Each structure stands twice: as C-alpha cells, then as structure tokens.
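So the chains spell out like this:
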Amino acid sequence: MTTVHPDNDALIVVDVQNDFCPGGALAVPDGGAVVPVIDLLLELPWKTVVATRDWHPANHVSFKEQGGPWPPHCVQTTRGADLHPGLRSEQITHIVSKAATANAEAYSGFEGTSLSKYLHTLGVRRVFVTGLATDYCVKATAIDAKNDGFEVYVVVDAVRGVEASPGDVERALEEMSSAGVAFIASSSLHA
Ligand code: VGL
Ligand code: ZN
C-alpha cells in the first residue's frame with residue numbers, strides 16, 4: 001500500500017477530454033473507463049491535482065488537413081476539448097493547456113508549459129499519472145516527469161491506450177519502465 005502525502009504528492013490527470021472518450025473525434029477505446037477510477041482517486045487527500053488538456057487551434061499542425069496524423073480534435077473552446085463531464089473537476093487545482101498554438105505539438109504536459117516549475121515550487125516530489133492515452137500523452141508526460149526529477153507512478157487501471165498498431169500499449173509501458181517510471185494499482189493508494 002502507498003499512502004498519499006498531500007504536501008509532496010500530486011495527481012496528474014492527462015487529457016480526460018470528450019474527444020478522447022467514446023463518441024469523441026479521437027476516441028480512445030474504453031477511454032471513458034478511466035473516469036470512475038480517477039473519481040475514486042480524487043477522494044484521497046491531494047493538495048495538488050493537475051489536469052492537462054490538449055488545446056489545439058482549428059488549424060493545428062497535428063491535424064490531417066495540415067499534413068498531420070490525426071483528425072481534428074480538442075479544438076480550443078469546443079465541447080470536444082472540455083474535460084469529461086463525469087470527472088469530479090472541482091477537485092482539480094491546476095489546468096495545463098498544451099499544444100495551444102498552430103505549429104506546436106506537445107504530447108507531454110511538461111512540454112512548452114510551466115508544469116515542472118509549478119510542481120517543484122510547491123514541493124511536489126512524487127507524481128501519480130492517470131488518463132489518456134497510455135501510448136501517447138500519458139507516456140510522454142510520465143517520462144518527462146521522471147526526467148524533470150520527480151518520482152513517477154503510472155496508475156495502471158486509470159489509463160487507456162489508443163493501440164493504433166497492436167503492441168503499442170505494451171511498448172509504451174516498456175519505454176516508461178526503462179525510463180524509471182513505476183506502476184501502481186489505484187487500489188494500492190490510500191489516505
Ligand atoms: C493525444 C493524440 C493526439 C493524447 C493527443 O492525449 O494522447 N493523442 N493528441
Ligand atoms: Zn492532440
């Protein structure tokens with residue numbers, strides 16, 4: 001079991017937005033399943049809960065019309081970019097918008113944002129990473145957190161992957177593990 005230490009621990013909720021959930025523009029298979037798990041985690045006594053969000057302009061470089069790999073998704077101020085309505089978002093203390101200009105792509109919540117400085121300033125040492133998608137933004141966020149000096153745990157039942165090619169999620173888990181990221185079940189976290 002792992003005890004949450006509110007002064008040194010932070011929960012990071014990666015991109016739990018309508019467009020990454022069933023019915024959305026870039027739905028992650030079973031993506032909505034992370035919501036009840038994260039809501040349970042939100043009952044723990046965190047002082048710092050960060051939600052990242054993909055926050056693209058309509059002409060974003062990652063969209064197919066601009067030669068990118070993805071259909072348009074998470075366009076700023078649209079419903080698709082909203083956090084999933086089932087998330088107990090009143091528990092979120094900080095929202096990090098990323099990839100918010102036309103030419104900037106960022107899978108990691110630490111890329112092009114002040115998240116690392118913010119967390120270090122608060123005295124955060126351990127981060128617990130949840131959300132979507134395991135093989136893109138969760139992976140990038142967890143590895144960047146580790147490289148920025150945090151102790152990093154991915155909450156395995158609170159993430160889901162795209163798995164565009166078979167094995168993508170497994171490879172993502174291996175990459176995170178090689179980078180020094182640890183894994184934990186949500187049931188092992190307690191107050
Ligand atoms: C993501 C693809 C494109 C993610 C964001 O949140 O994992 N994936 N943009
Ligand atoms: Zn995106």
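Everything below is about the structure shown above.
Quick look at the structure, then. (Residues numbered from 1 in each chain as written. Chains lettered and ligands numbered in written order. Predicted model: local features only at pLDDT ≥ 70, side-chain atom pairs only at ≥ 80, totals over all residues. Heavy atoms only, no water.)

## Observations concerning the packing of aromatic side chains
Stage number 1. Summed over all chains, the structure comprises five aromatic pairs.
Stage number 2. Aromatic side chains Trp70 and Tyr136 sit 5.1 Å apart centroid to centroid with 85° between the ring planes, which places their arrangement in the edge-to-face category. Taken together, the residues Trp70 in the loop between strand S3 (48-54) and strand S4 (94-98) and Tyr136 in helix H3 (residues 134-147) connect sequence positions 66 residues apart.
Stage number 3. Here the aromatic rings of Phe128 and Tyr153 are separated by 5.0 Å at their centres, their planes lie at 15°, and the arrangement is stacked. One end of the pair, Phe128, is in strand S5 (residues 126-132); the other, Tyr153, is in strand S6 (residues 151-160), and 25 residues separate them in sequence. (Phe/Tyr/Trp six-rings, centres within 6.5 Å; stacked < 30°, edge-to-face > 60°. Helix = DSSP H or I, 4+ residues; strand = E, 2+ residues; numbered from the N terminus.)

## Things to note about the pattern of salt bridges
Working definition: two side chains of opposite charge can pair if their charged atoms are close together.
Stage number 1. Inspection of every chain in the model, using the stated rule, returns nine salt bridges.
Stage number 2. With a closest N to O distance of 2.3 Å, Asp7 and Lys47 form a salt bridge. Within this pair, whereas Asp7 is found in the loop between strand S1 (2-3) and strand S2 (9-14), its partner Lys47 is found in the loop between helix H1 (34-41) and S3, the two being separated by 40 residues in sequence.
Stage number 3. The residue Lys98 makes a salt bridge to Asp15 at a minimum N-O spacing of 2.8 Å. Linking Lys98 in strand S4 with Asp15 in the loop between S2 and H1, this pair joins segments that are 83 residues apart in sequence. For the pair formed by Lys98 and Asp15, the shared burial category is buried.
Stage number 4. The network of salt bridges with shared partners includes Asp15, Asp54 and Lys98. (Salt bridge = Lys/Arg side-chain N within 4 Å of Asp/Glu carboxyl O. Buried < 20%, exposed > 50% of the residue type's maximum accessible area, 1.4 Å probe, protein only.)

## Let's talk about the sheet that holds S4
Stage number 1. Across the sheet, which stays open at both edges, the six strands sit in the order S4-S3-S2-S5-S6-S7 with parallel pairing between neighbours. Here the strands that pair on one side only, and so sit at the sheet edges, are S4 and strand S7 (182-184). The average undirected angle you get between the axes of adjacent strands in this sheet is 25°.
Stage number 2. Where S2 lies against S5, six bridges are found, and the strand directions are parallel. In the strand pairing of S5, Val13 is matched with Thr130.
Stage number 3. Most of the contacts of H1 go to S6, to which it runs at about 135°, and overall it touches S2, S5 and S6. (Pairing = 2+ DSSP bridges. Axes fitted to C-alpha atoms, helices over the stretch in contact; angles between N-to-C directions. Contact = heavy atoms within 4.5 Å.)

## Overview of the coordination of the zinc ion (ligand 2)
Stage number 1. At this site the zinc ion (ligand 2) is bound by Asp54 (OD), His56 (NE2) and His73 (NE2), with donor distances of 1.9 to 2.2 Å.
Stage number 2. Angles of 85 to 170° at the metal separate the four donor atoms of the zinc ion (ligand 2), which places the site in the irregular class. (Donors = N, O, S within 2.8 Å, 3.2 Å for Na, K, Ca; no water. Tetrahedral: all angles 85-135°; square planar, octahedral: opposite > 155°, others 65-115°.)

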